[in-house]
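Next come the chains, spelled out residue by residue.
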Amino acid sequence: MKRTLMALLLIGGLAFAQADGAKLYAQCAGCHQANGQGIPGAFPPLAGHVAEILGKQGGREYLIKVLLWGLQGQIEVKGMKYNGAMPAYNALKDEEIAALLNHIATAWGDDKKVQGFKPFTAAEVKALRDKKLTPQQVLEERKKLGLK
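Residues numbered from 1 in each chain as written. Predicted model: local features only at pLDDT ≥ 70, side-chain atom pairs only at ≥ 80, totals over all residues. Heavy atoms only, no water.

In this structure, strand β1 (residues 71–77) lies alongside strand β2 (residues 80–86), joined through seven bridges in antiparallel fashion. The residue bridging Glu76 from the neighbouring strand is Lys81, located in β2. Linkage of β1 to β2, two consecutive antiparallel strands, is achieved through a turn of two residues, within which Lys78 is found at a positive phi near 55°. (Pairing = 2+ DSSP bridges. Helix = DSSP H or I, 4+ residues; strand = E, 2+ residues; numbered from the N terminus.)

This paragraph deals with the pattern of salt bridges. With the rule as written, the count across this model stands at six salt bridges. Two residues, Glu141 and Lys65, come together in a salt bridge whose shortest N-O distance is 3.0 Å. Within this pair, whereas Glu141 is found in helix α6 (residues 135–144), its partner Lys65 is found in helix α3 (residues 59–69), the two being separated by 76 residues in sequence. By relative accessible area, which is 22% here, Glu141 ends up partly exposed. Given the relative accessible area of 9%, Lys65 is considered buried. The salt bridge involving Glu141 is made with Lys144; its shortest N-O contact spans 3.8 Å. With a gap of three residues between them, Glu141 and Lys144 both fall in helix α6, about one helical turn apart. Residue classification places Lys144 among the exposed positions, given a relative accessible area of 67%. Within this structure, Lys65, Glu141 and Lys144 form a network of salt bridges that share partners. (Salt bridge = Lys/Arg side-chain N within 4 Å of Asp/Glu carboxyl O. Buried < 20%, exposed > 50% of the residue type's maximum accessible area, 1.4 Å probe, protein only.)

Below, the structure written as structure tokens:
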């Protein structure tokens, strides 16, 4: 009985986090679009690219850093180059960043393309929050993952 109750609470908590993540994503949709496809040449797509990032060792941490500290400089996604600046969202609480990342990872099925995907947690965000990186340093982190 206790185990069933805990499972229901966990599932309910994840559903709530995803709902909050969807609301928070409204801030991102202007650039990355509601469908995660971005705007070619201006703002990169998230749909499909998040799975590529999550498939890399250190990819989860990189995504957290992008939300915490932003990203600036030239990147390439799906063969198209982008050279802009993504703002930092470190004013969001750890739980909100985790919820936003869970929405981004699941909304377009990227989580299903990554073996053993686990939802992001507030503890993961908190563990990286004190790093205080610049957007250019986050770009260097991207390069270390082997992403252009």
